[in-house]
Amino acid sequence: MSVDEANLQEIGVLEPDACDALIPSGAAKLDAQNVSAWFGRKKVLEGVSLVMEPGKVTALIGPSGCGKSTFLRILNRMHEVIPGAAVGGTIMLDELDIYDDQVSPTRVRKRIGMVFQKPNPFPSMSIEQNVLSGLRLSGATSDNRRELVEDSLQRAGLWNEVRNRLGEFGGSLSGGQQQRLCIARALAVKPRVLLMDEPCSALDPISTGVIEDTIRELAEDVTIVIVTHNMQQAQRVSNNCAFFLIEDEGAAGRMIESGPTKALFEDPQDMRTAGYVHGRFG
Amino acid sequence: MVSLVIVGATGAFLFWYARPALKAAGWWGFFVHSIWNPSAGRFGVGGLLIGTIMIAAVALLVAVPIALSTALFINEYAPPRLRRALVGVVDLLAALPSLIFGMWAIFALEPHIAGIAKWFSEHLSALPFFQLTDQSALLVKSTFEAGVVVGIMIIPIITSVSRDVMSQVPREQCEGALALGGSRWGMIRDVVLPFGRSGIVGATLLGFGRALGETIAVALVISLVFAPQPHVLQSGSGSIAALIATQFGEANAQARSGLVAAGLALFIVTLIVNMVARIIVNRAAKRGGSRIARITVAEAVDDMGI
Amino acid sequence: MSHQVITLPGAGHADVLSVTHADEPKRPRSWSRRDVVELLLSAVAAAGATGTLFVIMDWRSLVAATIWWFLLFVVIYRIEVGANHGPIVAADRMMTATIAAGGLICFALLVWIVSFVIGKGLPALRPGFFTQDLSKVGPLNPGGGALHAIIGTLEQVGIATAVVVPLAILTAVYLHEMKGRMAPLIRFIVDAMSGLPSIVAGLLVYTIWILQFHRGFSGMAGAVALVVLMLPTVTRTSEEILRTIDDGLRESALALGAPQWRVIARVVLPTARSGLVTAAILGVARGVGETAPMILTAFGSPKTNLSPVTSPQSDLPLFVWSLIRQPNATQIERAWTGALILVFLVLALFTIARVLGEASFGRSRR
């Protein structure tokens, strides 16, 4: 085994069945360096460099179509699921290059979880099975499943509402509840980073509020990166912000500016950022 | 229901000409007994009915694994060019006439069948179906051989319907499974297959219906016996369709009436199987829509709650 | 050039030397070189084990050896990948191999069947086959041909096609374009008809046409049976073709003030033309090979019978069917040649249909 493999093994990425205890837990740092993206020959993202700090919430904002979601999906190697997709640049999860040849995408996705815009609980499984589904899919083990289910649902803010109906099917919940179920499901595999792609855009205001509370509570244990169209939401939940923009039609998206949320909104450095946060376009 | 009337009319014609034979054999007796002696007025296709079903059952056992794998491979694994090629292969398999399959079976497949059947009879004799009445029994022209050929013939229809159903699985669920760290097989196992489950069952039933009606390939392959034959590896099997095909040419009016009656029996059985299959497949295809409806309703109710 | 990362071991600093060419897209491949090596190793190991077994157990069947090889391969592969990568990846790879095998089996079967027919039928193929029939030739004598059968097929399938195609297109138009009140009923009938075993269709024509209407066996009766069998296929495919035509086309034509029938006749149908031709060709391919119903309707005959309405007529499938069951090498040889012609016909029709289908719709919809 080469040196790289030994290292990767220690981090628990390469070795099968590594007990969760061996894997460093807690929020991790994501460092994107000069990341670009293509769909086939079309470049859609250009040279994005961003540090997403551990234990903090980083919001990606900007008008639609600027590559925010593409960037997010690159972070957990979901971008390559699409045929013809390609990536340039480096992404470091703490000290690990997630695009290294030795690292399989499934391992990466176990460490970096994702919640989608449209809630997608598995319809053929019950609530409890949904929460545990990540274990089965990623090959993780757990000593106490009951506890894990309760713990995950608690962290997602859903436990009290479903504690008595864990056996019911996921489809019987409301939209907001389904989304929280998806959050619980993602949390059950103990990811170190959680990516959220406009998680509240399909939900009503009350559910949105509940989820925003959840995000704030989660941030200590899990680094969160959230894409949002809603500037007020970005200001409410995030510590840091990054503003994306497409200059011309057909050009690739770029990150214009990033920094602490307060600073970005109150005193943006770039004119275009100022234009967006003050609602002049978007 | 007008549709039932039309189906009934079809059945009625067959029935009319089947009457003489049915009268001779006894209405019930025709379907239960196993004998074929037209000149004596003794008819009974019971054994043949059982044989037909058995051949179709073996065919399913052969076809479903291959068809399902092929469907999954085409939908989830194959790159675009390979996908088009493989779809063409499956379609071509469906287009080949039954006659060709039968001829290929006798001359090319049969030698291998004997060997495989021998292996089964030696190693799996614990199962009653695989036993032989005596050790020197002929192991070709059996239910097993017919089942294998018919199985190959129904692969395309099972593949094609399964593919249709499985391709409708919502992308977001597949992505959800992958985002949790699942492998492609994990996604298929936990999302695609549960979604397609009832559709695949429907596809299987459609294949079963088709297998029940398979005539020429079976007629060429088996050696026809009228009594029910539980030993699937041994020579001798039953098939109503094969009976009609082989006996028709030389039959007199009375015998032909018997054949029409046999055809009636086959018609009823395949009709039922196909109708059930269609219902299941149609229901599976609509599933995605009904779930979304449920979400919206639950959400509306919930808005007033939390 | 890809980007390189050199990651240094555990304790202490991580020296990350990253040489990135941001303009060079990197496509992460799912099968690395290592994976391919693993696959080949397992395959070879399984082959070795099978070979040994083959010799020891004195097998003769290649098919059996292949089955055993595959089983051993899957087991060995699972164990090997499991040891290297863990159970999730192992299960995934094993299932990939198994599922791919399914597709491979289909392909292998097709190749086997077609090549077998060609191998058996080609040697006896001579020009005389197309110009003579079996009326003057005894079972043991050489010579003779399938002229009567070819004529029969041409007439029966020709008549059936002439009836089916217009009827099917009209039905498809009624179902999809006009969405008439009887549509669900008609659709049900079409569905039910498509599940009809071919022999039952033959029986139906026998009882209604031949017995009830006292027509007797004839090529025409055969054509009627073919209509019953071809109609659902061509109707269904035609309806699907119509469905692929963009509604915008219809709407803009209607918006220009054209009445619906004209929209259908001048806009929709011409656009769908090659697709509909494809549907027709596929229906013909099916009709050409039908044997069972023909036994009960056209009945077959060794003589060339130019008239499809008066007396029994042969056709290619009947020709093959009657000959293959006789215990006589000459007859069987003739049967194989007939089968070859049949396969060739089906292959040719199928290929034409496919080429037409892809040409008009670009990438196949499937």
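Details of the structure are given in the entry above.
Here's what I pulled together on the structure shown here. Here the structure is a predicted model, which means the values were calculated and not measured.

Definitions and cut-offs
Residues numbered from 1 in each chain as written. Chains lettered and ligands numbered in written order. Predicted model: local features only at pLDDT ≥ 70, side-chain atom pairs only at ≥ 80, totals over all residues. Core = buried A, V, L, I, M, F, W, Y, C linked by C-beta atoms within 7 Å. Buried ≥ 20, exposed ≤ 12 C-beta atoms within 10 Å, placed from the backbone. Helix = DSSP H or I, 4+ residues; strand = E, 2+ residues; numbered from the N terminus. Contact = placed C-beta atoms within 7 Å. Axes fitted to C-alpha atoms, helices over the stretch in contact; angles between N-to-C directions. Parallel < 35°, antiparallel > 145°, perpendicular 65-115°, else oblique. Left-handed = near helix turned anticlockwise from the far one by under 90°. Nonpolar A, V, L, I, M, F, W, Y, C, P; charged D, E, K, R; others polar. Pairing = 2+ DSSP bridges.

1. Some thoughts on the nonpolar core
Here is step 1: One finds B:I100, B:V149, B:V150 and C:A339 to be the most contacted residues of the largest nonpolar core, which totals 267 residues.
Here is step 2: Considering every element that reaches this core, the biggest residue donor is helix α3 (residues 46-77) of chain B, with 18 residues.
Here is step 3: Not counting residues up to four positions away in its chain, the partners in contact with B:I100 are C:I113, C:V117, C:A339, C:L342 and C:V343.

2. Structural notes on the packing of helix α5 (residues 183-194) of chain C against helix α7 (residues 219-244) of chain C
Residue and element names in this part refer to chain C.
Here is step 1: Packing of α5 against α7 leaves a shortest axis separation of 9 Å and a crossing angle of 125°. Judged by the inter-axis angle, α5 sits oblique to α7. Crossing angle aside, the handedness with which α5 passes α7 is left-handed. Only V228, L231, P232, T233, T235 and R236 of α7 make contact with α5, whose side of the interface consists of V190, M193 and S194.
Here is step 2: Among the residues making up the contact of α5 with α7, the classes are represented as 5 nonpolar, 3 polar and 1 charged.

3. A short note on the interface of chain C and chain B
Here is step 1: Counting residues at the interface gives 58 residues for chain C and 59 residues for chain B.
Here is step 2: Elements with a contribution of two residues or more to the side of chain C that touches chain B: α2 (62-85), α3 (87-121), α5, α6 (198-212), α9 (260-289), α10 (292-297), α11 (316-324) and α12 (329-361) of chain C.
Here is step 3: When residues in the side of chain C that touches chain B are grouped by element, the largest group, 21 residues, is from α3(C).
Here is step 4: Considered class by class, the residues forming the side of chain C that touches chain B number 42 nonpolar, 11 polar and 5 charged.

4. Points about the packing of α7(C) against α9(C)
Residue and element names in this part refer to chain C.
Here is step 1: Remark: α7 packs on α9, axes separated minimally by 9 Å, with the N-to-C direction vectors making an angle of 150°. Our classification of the angle between α7 and α9 gives roughly antiparallel. Of the two possible hands of crossing, α7 and α9 adopt the one that is right-handed. Contact with α7, carried on its side by L226, L229, M230, T233, V234, T237, S238, I241 and L242, involves V268, A272, G275, L276, A279, A280, L282, G283, R286 and G287 of α9 and no other residues of that element.
Here is step 2: For the contact of α7 with α9, the class distribution of residues is 12 nonpolar, 6 polar and 1 charged.

5. Describing the pairing of strand β7 (residues 193-197) of chain A
Residue and element names in this part refer to chain A.
Here is step 1: Burial within β7 is extensive, with 5 of its 5 residues counted as buried.
Here is step 2: Residues V193, L195 and D197 line one face of β7 and the alternating positions L194 and M196 line the opposite face, and both faces are buried.
Here is step 3: The sheet contact formed by strand β6 (residues 112-115) and β7 spans 4 bridges and is parallel. Across the sheet, V115 pairs through a bridge with M196, a residue of β7.
Here is step 4: Of the strand pairs in this sheet, β7 and strand β8 (residues 223-227) are connected by 5 bridges, and their pairing is parallel. Bridge pairing in β8 links L194 to I224.

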